[in-house]
Amino acid sequence: VAKPPTALPRLVSLDVLADAAPRELAELVMREPQLAAKLLGRANSAFYALQSPIASVPHAISYLGINAVRSMALGFLLEAGQQIRGALGHEVQRVA
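Anyway, here's the lowdown on the structure attached to this text. (Residues numbered from 1 in each chain as written. Predicted model: local features only at pLDDT ≥ 70, side-chain atom pairs only at ≥ 80, totals over all residues. Heavy atoms only, no water.)

**Regarding the packing of helix α4 (residues 33-43) against helix α5 (residues 57-64)**
Turning to step 1, where the next piece is worked out: Their axes nearest at 9 Å, the elements α4 and α5 cross at an angle of 55°. Taken together, the axes of α4 and α5 lie oblique to each other. Classified by chirality, the crossing of α5 by α4 is left-handed. Contact residues: α4 offers A36, L39, L40, R42 and A43, while α5 offers V57, A60, I61, Y63 and L64.
Turning to step 2, where the next piece is worked out: A class-by-class count of the residues in the contact of α4 with α5 yields nine nonpolar, no polar and one charged. (Axes fitted to C-alpha atoms, helices over the stretch in contact; angles between N-to-C directions. Helix = DSSP H or I, 4+ residues; strand = E, 2+ residues; numbered from the N terminus. Parallel < 35°, antiparallel > 145°, perpendicular 65-115°, else oblique. Left-handed = near helix turned anticlockwise from the far one by under 90°. Contact = heavy atoms within 4.5 Å. Nonpolar A, V, L, I, M, F, W, Y, C, P; charged D, E, K, R; others polar.)

Quick look at the structure:
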């Protein structure tokens with residue numbers, strides 16, 4: 001069974017988005033390695049055509065902006081929920 005994300009609910013909460021310092025956002029993102037990797041991947045994608053790669057999560061957050069980070073976190077949270085629900089559904093079907 002997939003492990004539910006622990007930092008994402010806090011990351012997408014309104015109080016964090018309104019009041020969090022960039023360092024706090026980076027710490028929350030780095031607690032979710034898959035999200036951090038996706039964030040770095042997006043920042044370094046061909047779409048942005050950067051001359052030098054972005055190597056840190058804080059730099060990626062400042063480059064992409066809080067709205068992009070929030071959008072990615074929400075998508076990641078929904079995706080994780082679907083995976084967990086699917087895994088639990090398969091277990092229930094086997095037991096029944």
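**Considering the nonpolar core**
Turning to step 1, where the next piece is worked out: If you look at the biggest cluster of nonpolar residues, it comprises 20 residues, and the most contacted ones within it are L11, V29, L35, L39, V57 and I61.
Turning to step 2, where the next piece is worked out: For this core, the secondary structure elements donating two or more residues are α3 (22-30), α4, α5 and α6 (66-95). (Core = buried A, V, L, I, M, F, W, Y, C linked by side-chain atoms within 4.5 Å. Buried < 20%, exposed > 50% of the residue type's maximum accessible area, 1.4 Å probe, protein only.)

**Details of α5**
Turning to step 1, where the next piece is worked out: Listed as buried for α5 are V57, A60, I61 and L64. Mapping the buried residues of α5 onto a view down its axis gives an arc of 100°, with all of them on the same face.
Turning to step 2, where the next piece is worked out: Immediately downstream of α5, the backbone of G65 shows phi near 95°, a positive value. (Arc of directions from axis to C-beta.)

**A look at the pattern of salt bridges**
Turning to step 1, where the next piece is worked out: Evaluation of the coordinates by the stated rule reveals one salt bridge.
Turning to step 2, where the next piece is worked out: One salt bridge in this structure joins K38 and E79, with 3.5 Å as the shortest N-O distance. Taken together, the positions of K38 in helix α4 and E79 in helix α6 put the pair 41 residues apart, joining distant regions of the chain.
Turning to step 3, where the next piece is worked out: Judged by relative accessible area, which is 38%, K38 ranks as partly exposed. (Salt bridge = Lys/Arg side-chain N within 4 Å of Asp/Glu carboxyl O.)

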